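Breakdown of the fold
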Amino acid sequence: MRDVRLDDRATPLDLTPEEFAEIGHRLVDDLAALLGSLRDRPLGPDVTPDEVRAALDASAPIPEEGMDAATLMRDTTRMLIEHSLYNAHPRFFGYVTAGAAPIGVLADLLASGINPNVGGWALSPMASEIEDQTIRWISELVGFPVEGDGVLTSGGNLANMLGFYAARAARAGWDVRMHGLRSEDAAALRVYASTATHTWIQKAADLSGLGCASIRWIETDVVERMNVAALRAAIDEDLEAGHHPFMVVATGGSVSTGAVDDLPAIRELCDAYDVWMHVDGAYGAFAARAPNVPEELRAISAADSVALDPHKWLYAPLEAGCVLVRDPSALLAAFSYRPEYYSFQQDAKNYFERGIQNSRGFRALKVWMQLKQAGRSGYVRMISEDIELARRFFEIADAHPELETFVHALSITTYRYVPDDLRARTAEPGVATYLNELNEQIQARMEKGGDAFVSNAVLGEIYALRMCVVNFRTRLEDVEALVEISAELGRAADATLRPDALRAPAVEDGAYE
Ligand SMILES: *Cc1c(COP(=O)(O)O)cnc(C)c1O
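What comes next concerns the included structure. What you see is a predicted model, and the numbers here were worked out from it, not measured in a lab.

**A word on the overall build of the protein chain**
Across its full length, the protein chain holds 15 helices and 12 strands. The principal-axis extents of the C-alpha atoms in the protein chain amount to approximately 95 × 70 × 45 Å. Here the protein chain holds 513 residues, and 46% of them are scored as buried. Put simply, 71% of the contacts in the protein chain that link residues at least 6 apart link residues at least 24 apart. Between the centroid of the 47 positive side chains of the protein chain and the centroid of its 77 negative side chains there is a distance of 3 Å.

Quick look at the structure:
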């Protein structure tokens, strides 16, 4: 190695400023064209995993030698554009998934260009302050006390988990961080969550060492809201048995149907039993100040912790989640260790102490720039319009002779296709099973077709289609189109799938003149 030149290193990764600018300008042009043409392109490719692997040349070994950066960027851009599913497409109604706001896309480029490490203030002075302001603005946007604390995370799952660990540290009743769950004082910790709760709760209970058996599942009513009387009974029963209830997980917008728990009643109960109240608002929290949401949602402001997801209803590019805590010391109390090799300021926030991550990216920038571009009123308007679009869809689908609607809540509507002649027979077991198969097929065909995308919800025994609008690009014409697409695919699927036993009985002679 002695003979290598280190005074003027020609490294294979660097680009001259001119090369960087040229490649970058072209990339921005390509992305601008993509974003501008979303409405006119299929929502996703109709491809198999093998086809995608072939396009990637998936089994190729790591290249020994490098390649020209401009060609690399051009090829990669094309490969991705041709083989991706576009959640920003105006007719993407699946899961709770938003397309990225353009300014957020550019903000991510800017953030990685500067590349601050937002773990420590000294490494990211302005970025850390921007994250701080972002968290305060998010609190203001949803009506959460600004005196609390918070941190941005990779998404809703991690945000919820940080809330879980904050609750555990605050309410275990012993030093659970030092002694774990085997302390002499350790009663069995119990967490309460409705059966509509997202699966992060299992991961949190599992990974924290509590185990999934420490989750008390609370039943819901028909529209998926936690039964608060059953919650009270479960807590009483556990206290009676010598267990230690430490946390209630309420849901502010369930994934499946958009149900909002009775947050004020749950707050009262948590106060009465001195239990931590956490709200999973990964889907619904940002709607808390919209005019057209259930009044109960506004009570996220009274929670001890709330999980939110800027990459959902703030339309930020993946990834961006956020947890807010009411007690400004709650995150530090759950996560802070100060190693000797960090000599960081104490008069500013060091985000590595507020969660699990150490080195942290600048995910605050895209959220902050989006909040500045749209403003509070802009967000309230976009979110309330999304909700209104889901309501309009409900209305139009409800009036359609071949569609059956179930629930509209927040920006989700559940529905299904029912052939006209089976309408009166949906309760017959054979028909019910067939309708489930039929709607599963409709969903699959829609996904392949690329004109629209919905996911599903299981409502009791019913396989329902589920459309969710968290998309500022969606217009009335798109939800109208979804009604027609669903009905057309339903008709086509029914024509090929219907078992003979469910065909209409032979028509009487003379019925057709
Ligand atoms: C999306 C969602 C989650 C998980 O969030 P990710 O960002 O996907 O990690 C948790 N809870 C609810 C209610 C959600 O909608």
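Text resumes after the structure shown.
**Points about the site of the ligand**
Taken together, 13 residues surround the ligand, and among them Gly 156, Asp 280, Asp 309, His 311 and Lys 312 come closest. Asp 309 is positioned such that a nitrogen or oxygen atom in its side chain is 2.5 Å from an oxygen atom of the ligand. Contact between the ligand and His 311: an oxygen atom at 2.8 Å from a side-chain N or O atom of the residue. The fraction of the free accessible surface of the ligand (380 Å²) that becomes covered by protein chains is 84%. Listed by contribution, the elements that provide at least two residues to the shell around the ligand are α6 (156-171) and α11 (310-313). Considering each element in turn, the shell around the ligand owes the most residues, 3 residues, to α6. Residue composition of the shell around the ligand, grouped by class: 3 nonpolar, 7 polar and 3 charged.

**Examining the sheet that holds strand β9 (residues 403-409)**
Picture the strands of a sheet paired through backbone hydrogen bonds; they go either parallel or antiparallel. Ordered by their spatial adjacency, 5 strands build an open sheet running β1-β11-β12-β10-β9, and the pairing between neighbours is mixed. The open sheet is flanked by β1 (92-93) and β9, the only strands paired with a single partner. Two elements, β9 and strand β10 (residues 412-417), share 5 bridges in a ladder whose sense is antiparallel. When the sheet's bridge partners are listed, Thr 405 is paired in β10 with Tyr 415.

**Here we look at the environment of Tyr 415**
Within the fold, Tyr 415 resides in strand β10. Overall, Tyr 415 belongs to the buried group, its relative accessible area being 0%.

**Focus: the packing of helix α13 (residues 364-399) against helix α15 (residues 476-497)**
Pairs of packed helices are described in terms of their axes, by the angle between the two and the distance that separates them. It is the contact of α13 with α15, at a shortest axis distance of 9 Å, that shows an interaxial angle of 35°. Here α13 and α15 pass one another in a crossing that is right-handed. Contact residues: Leu 389, Arg 392, Phe 393, Ile 396 and Ala 397 in α13; Leu 476, Val 479, Glu 480, Leu 482 and Val 483 in α15. For the contact of α13 with α15, the per-class residue count stands at 8 nonpolar, no polar and 2 charged.

**Brief notes about the side chain of Asp 478**
Mapping Asp 478 onto the fold places it in helix α15. Residues contacting Asp 478, with those up to four places away along its chain left out, are Arg 39, Pro 90, Arg 91, Phe 93 and Arg 473.

**Details of α15**
The first and last C-alpha atoms of α15 sit 31 Å apart over 22 residues, in line with the 32 Å expected at 1.5 Å per residue. The set of residues buried in α15 consists of Asp 478, Val 479, Ala 481, Leu 482, Val 483, Ile 485, Ser 486, Ala 487, Gly 490, Ala 493 and Asp 494.

**Focus: the packing of aromatic side chains**
Throughout the structure, instances matching the rule amount to 10 aromatic pairs. On the basis of an interplanar angle of 80° and a centroid distance of 6.0 Å, the ring pair of Phe 164 and Tyr 165 is categorised as edge-to-face. Overall, Phe 164 belongs to the buried group, its relative accessible area being 0%. Between Tyr 315 and Tyr 379, the ring centres sit 6.1 Å apart and the planes meet at 10°, which makes this aromatic pair stacked. Placement of the pair is Tyr 315 in the loop between α11 and β8 (321-325) and Tyr 379 in helix α13, with a sequence separation of 64 residues. For Tyr 379, a relative accessible area of 2% corresponds to the buried category. A cation sits over an aromatic face here: Arg 326 above Phe 144, 5.9 Å from the ring centre. Taking the ring centre of Tyr 351 as reference, the NZ or CZ of Arg 354 above it sits at 5.9 Å.

**Regarding the pattern of salt bridges**
This model, assessed by the stated rule, comprises 34 salt bridges. A salt bridge links Arg 391 to Glu 395, with the nearest nitrogen and oxygen atoms 2.5 Å apart. Of the two residues, Arg 391 and Glu 395 both sit in helix α13, 4 residues apart, roughly one turn of that helix. Overall, the relative accessible area of 42% leaves Glu 395 in the partly exposed class. With its nearest N and O atoms 3.6 Å apart, the salt bridge here joins Asp 500 to Arg 503. For Arg 503, a relative accessible area of 36% puts it in the partly exposed group. Here the salt bridges do not stand alone but share partners, grouping Arg 39, Arg 91, Arg 475, Glu 477 and Asp 478 into one network.

**Considering the environment of Pro 291**
Inspection of the secondary structure assignment puts Pro 291 in the loop between β6 (276-280) and β7 (305-308). Along the chain, Pro 291 and Gln 441 lie 150 residues apart, while their C-alpha atoms are 37 Å from each other.

**Comments concerning the pairing of strand β2 (residues 149-153)**
For β2, the tally of buried residues reaches 5 of 5 residues, placing the bulk of the element in the interior. Every second residue of β2 is oriented toward a common face, with Asp 149, Val 151 and Thr 153 on one face and Gly 150 and Leu 152 on the other, all of them buried. As paired strands, β2 and β8 are joined by 5 bridges and run antiparallel to one another. In the sheet register, Asp 149 faces β8, and the bridge partner there is Val 325.

**Examining a negative patch on the surface**
Taken together, the side chains of Asp 14, Glu 18, Glu 19, Glu 22 and Asp 68 present a region of like negative charge at the surface. Tracing the sequence through the fold places Glu 22 in helix α1 (residues 17-36).

**Overview of the packing of helix α9 (residues 228-240) against helix α10 (residues 263-273)**
Packing of α9 against α10 brings their axes to within 10 Å, and their N-to-C directions diverge by 15°. By the angle between their directions, the pair α9 and α10 is classed as roughly parallel. For the element pair α9 and α10, the recorded crossing hand is right-handed. Across from Val 228, Leu 231, Arg 232, Ile 235, Asp 236 and Leu 239 in α9, the residues of α10 making contact are Ala 265, Ile 266, Leu 269 and Tyr 273. Partitioned by chemical class, the residues of the contact of α9 with α10 number 8 nonpolar, no polar and 2 charged.

The rules behind these values
Residues numbered from 1 in each chain as written. Predicted model: local features only at pLDDT ≥ 70, side-chain atom pairs only at ≥ 80, totals over all residues. Heavy atoms only, no water. Helix = DSSP H or I, 4+ residues; strand = E, 2+ residues; numbered from the N terminus. Buried < 20%, exposed > 50% of the residue type's maximum accessible area, 1.4 Å probe, protein only. Contact = heavy atoms within 4.5 Å. Lys, Arg positive; Asp, Glu negative; His and termini not counted. Charge placed at Lys NZ, Arg CZ, Asp CG, Glu CD. Near = heavy atom within 4 Å. Polar contact = N/O pair within 3.5 Å; in protein donor to acceptor, adjacent residues only side chain to side chain. Areas by Shrake-Rupley, 256 points an atom, 1.4 Å probe, with all protein chains shown as cover. Nonpolar A, V, L, I, M, F, W, Y, C, P; charged D, E, K, R; others polar. Pairing = 2+ DSSP bridges. Axes fitted to C-alpha atoms, helices over the stretch in contact; angles between N-to-C directions. Left-handed = near helix turned anticlockwise from the far one by under 90°. Expected span 1.5 Å × (residues − 1). Phe/Tyr/Trp six-rings, centres within 6.5 Å; stacked < 30°, edge-to-face > 60°. Lys NZ or Arg CZ within 6 Å of the ring centre and 35° of its normal. Salt bridge = Lys/Arg side-chain N within 4 Å of Asp/Glu carboxyl O. Patch = residues over 30% accessible without salt bridge, like charges linked within 9 Å, V, L, I, M, F, W, Y side chains within 5 Å. Parallel < 35°, antiparallel > 145°, perpendicular 65-115°, else oblique.

Nothing here speaks to function; it is all geometry.
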